[in-house]
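Structure assessment
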Amino acid sequence: MAERLANLDDEYDIVEYGDRTSAQVDADVLAEALRLTQPPRVTPEPTDPPT
């Protein structure tokens, strides 16, 4: 589940060589952390229409 965060951690190690800033990586880390803390979305099962 946290694989994306681990990948983003690696980006901090190469930020000085890449085209992204630390602030951009920070924003992605925050967005991913928020996604992970949200309750899972569950699609309700369809029900029979009222008759």
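Our structure's up above, just so we're on the same page.
Residues numbered from 1 in each chain as written. Predicted model: local features only at pLDDT ≥ 70, side-chain atom pairs only at ≥ 80, totals over all residues. Heavy atoms only, no water.

**Describing the pattern of salt bridges**
Under the criterion given, the structure shown has three salt bridges. Note that Asp28 and Arg20 form a salt bridge whose closest N and O atoms lie 2.2 Å from each other. When its relative accessible area of 26% is taken as the criterion, Asp28 is described as partly exposed. Overall, Arg20 belongs to the partly exposed group, its relative accessible area being 26%. Among the salt bridges present, the one from Glu32 reaches Arg35, with a minimum N-O distance of 2.6 Å. Remark: Arg35 and Glu32 occur in helix H2 (residues 22–37); sequence separation between them is three residues, near one turn of the helix. (Salt bridge = Lys/Arg side-chain N within 4 Å of Asp/Glu carboxyl O. Buried < 20%, exposed > 50% of the residue type's maximum accessible area, 1.4 Å probe, protein only. Helix = DSSP H or I, 4+ residues; strand = E, 2+ residues; numbered from the N terminus.)

**Examining the environment of Leu8**
As for its placement among the helices and strands, Leu8 is situated in helix H1 (residues 3–14). Take Leu8: its relative accessible area is 0%, and that puts it in the buried class. Measuring from C-alpha to C-alpha, the distance between Leu8 and Val25 comes to 6.8 Å, with 17 residues separating the pair along the chain. If near-sequence neighbours (up to four positions away) are discounted, Leu8 is found in contact with Arg20, Val25, Asp28, Val29 and Glu32. (Contact = heavy atoms within 4.5 Å.)

**Here's the deal with the packing of H1 against H2**
Geometry of a packed helix pair, given as the angle between the helix axes and the separation of the axes. Where H1 meets H2, the closest approach of the two axes is 10 Å, and the angle between their N-to-C directions is 165°. For the element pair H1 / H2, the angle class is roughly antiparallel. Every pair of crossing elements has a handedness; the one defined by H1 and H2 is left-handed. On H2, the residues that touch Arg4, Leu5, Leu8, Glu11 and Tyr12 of H1 are Ser22, Val25, Asp26, Asp28, Val29, Glu32, Ala33 and Leu36. Classifying every residue of the contact of H1 with H2 by side-chain character gives seven nonpolar, one polar and five charged. (Axes fitted to C-alpha atoms, helices over the stretch in contact; angles between N-to-C directions. Parallel < 35°, antiparallel > 145°, perpendicular 65-115°, else oblique. Left-handed = near helix turned anticlockwise from the far one by under 90°. Nonpolar A, V, L, I, M, F, W, Y, C, P; charged D, E, K, R; others polar.)

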